[in-house]
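Survey of secondary and tertiary structure
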Amino acid sequence: MPDKSTPETVENIIRARRTEKVLCDIEAHRPVPADVAERNREIVLQAIKTAGWAPFHYPRKVDGLAEPWRAHVLWHEEAKQAAIYLRDELNVTSKGPRLAAACSALVLVTWLPEFYDLESQQTSKIDRETQLARDEEHLAAASAMVQNLLLMLTAHGMGNYWSSGGKLGGPEMFNYLGIPKQERLLAAVFVEYPEMMDDSKKRKPGSQRNNRSDQWIREVTL
């Protein structure tokens, strides 16, 4: 059983998690030293595995796997190549290439809708309302997995930013990265190793951290 300090530890990690966009120009990309990369590679992979203990309702049963999510990991050199592809091939002028260039690793978390096209909807024996409800369950489960991942990375002192991904979720990038077209990008999680945190990159904090309250809680009385 967890000891009495466990709830406080979990609460501190949840509160410590923060959104911070870290950006740099591709030409200013700073390679991750080999020893730092190897050490943190195992930590990130274990964090992803642990995040996979998120609850899910329906087994997705794709490629023999029950989980309705997938994690596609780009280490720092692959993330740099993705940044170049975004800028030079897809002509992305937003923050995407600079986010990819600045990160130590990039985890693309996708979810697997069950009724992703008209054919799958029409061949199913369940009605459309139930189809939508089932896919909402898959999406909710994948979202819980992403939050688990953010908390695990935070616990290891790693910076992290959950982006919707923009062009990273488009068909051109999926094809470039070998991601099946039936998947949908839920989160581009940009990871920064503690050893790579310095003042050479631009940092932009999230805009909603100070807009929080507890007024959305309602205790029901009957």
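In what follows, the structure referred to is the one given above.
Here's what I pulled together on the structure shown here. Keep in mind that what you see is a predicted model, and the values were worked out from it rather than measured. (Residues numbered from 1 in each chain as written. Predicted model: local features only at pLDDT ≥ 70, side-chain atom pairs only at ≥ 80, totals over all residues. Heavy atoms only, no water.)

Some words on empty space enclosed by the protein
Cut-off, in case you're wondering: Using only the protein atoms, space was sampled on a 1 Å grid; points where a 1.4 Å probe fits but cannot get out form cavities, open sets with protein on both sides within 12 Å along at least five of seven lines form pockets, and lining residues are those with an atom within 4 Å of a point. Grid points are joined across faces, edges and corners, and a volume is the space filled by probe spheres set on the points. Three classes are used: nonpolar for Ala, Val, Leu, Ile, Met, Phe, Trp, Tyr, Cys and Pro, charged for Asp, Glu, Lys and Arg, and polar for all others, with Gly counted as polar.
Applying the stated criterion to the full structure yields one cavity of 30 Å³ or more. Approximately 40 Å³ is the volume found for the largest cavity. Within the lining of the largest cavity, the residues separate by chemical class into five nonpolar, two polar and two charged.

What to know about the sheet that holds strand E5 (residues 184-192)
We apply this condition: For two strands to count as paired, DSSP must find a minimum of two bridges between them. Helix numbers and strand numbers start at the N terminus; a helix is a DSSP run of H or I with at least 4 residues, a strand a run of E with at least 2. Whenever a helix is involved, its axis is fitted only over the stretch in contact; in every case the axis is a line through C-alpha atoms, and angles between N-to-C directions fall within 0 to 180 degrees. By definition in these notes, contact holds between two residues if any of their heavy atoms fall within 4.5 Å.
An order of E2-E3-E5-E4 is seen for the four strands of this open sheet, with the pairing classed as antiparallel. Either end of the sheet is taken by a strand with one partner, and the two such strands are strand E2 (69-75) and strand E4 (159-163). In this sheet, adjacent strand axes meet at a mean angle of 20° when their direction is disregarded. Pairing analysis gives five bridges linking E4 to E5, with the strands arranged antiparallel. Across the sheet, Tyr-161 pairs through a bridge with Phe-190, a residue of E5. Contacting E2 and strand E3 (105-111), helix H2 (residues 34-51) runs over the sheet at an angle of about 170° to E2. Those strands touched by helix H6 (residues 128-155) are E2, E3, E4 and E5, and its axis lies near 0° from that of E5.

Remarks on the environment of Arg-39
Worth spelling out the cut-off: In the analysis that follows, any N or O atom pair within 3.5 Å is treated as a polar contact, provided that within protein one partner can donate a hydrogen and the other can accept it, and provided that, for residues neighboring in sequence, both atoms belong to side chains.
Within the secondary structure, Arg-39 sits in helix H2. Measuring from C-alpha to C-alpha, the distance between Arg-39 and Ala-155 comes to 16 Å, with 116 residues separating the pair along the chain. Among the polar contacts made by the side chain of Arg-39, one reaches the side chain of Glu-195 at a distance of 2.9 Å.

Focus: the pattern of salt bridges
This is how the line gets drawn: The rule for a salt bridge is simple: a side-chain nitrogen of Lys or Arg has to be within 4 Å of a carboxyl oxygen of Asp or Glu. Residue burial is assigned from relative accessible area. The probe radius is 1.4 Å, only protein chains are included, and a residue is buried under 20% of its type maximum, exposed over 50%, and partly exposed in between.
Enumeration according to the criterion identifies twelve salt bridges in this entry. For Arg-39, the salt bridge is made with Glu-195, and the minimal N-O distance between the two is 2.9 Å. Within this pair, whereas Arg-39 is found in helix H2, its partner Glu-195 is found in the loop between E5 and strand E6 (202-205), the two being separated by 156 residues in sequence. Assessed through its relative accessible area of 41%, Arg-39 is described here as partly exposed. The shortest N-O distance in the salt bridge between Asp-88 and Arg-87 comes to 2.7 Å. Residue classification places Asp-88 among the partly exposed positions, given a relative accessible area of 39%. Look at Arg-87 and you get partly exposed, because its relative accessible area is 30%.

Notes on the packing of aromatic side chains
Rules: Two rings from Phe, Tyr or Trp (for Trp, the six-membered ring) form a pair when their centres are within 6.5 Å of each other. A pair whose planes differ by under 30 degrees is stacked, one over 60 is edge-to-face, and the rest are tilted. Over a ring means this: the NZ of a Lys or the CZ of an Arg is within 6 Å of the ring centre and within 35 degrees of the ring normal.
Counted by the stated rule, this structure contains three aromatic pairs. Plain terms: the ring middles of Tyr-85 and Tyr-176 are 3.9 Å apart, the flat faces sit at 10° to each other, and that makes the pair stacked. Of the two residues, Tyr-85 sits in helix H3 (residues 76-89) while Tyr-176 sits in helix H7 (residues 171-177), which places them 91 residues apart along the sequence. On the basis of relative accessible area, Tyr-176 is assigned to the partly exposed category, the value being 36%. Aromatic pair Tyr-161 and Phe-190: ring centres 6.1 Å apart, planes at 20°, arrangement stacked. Taken together, the residues Tyr-161 in strand E4 and Phe-190 in strand E5 connect sequence positions 29 residues apart. Judged by its relative accessible area of 6%, Phe-190 is buried. Taking the ring centre of Tyr-58 as reference, the NZ or CZ of Arg-134 above it sits at 4.8 Å.

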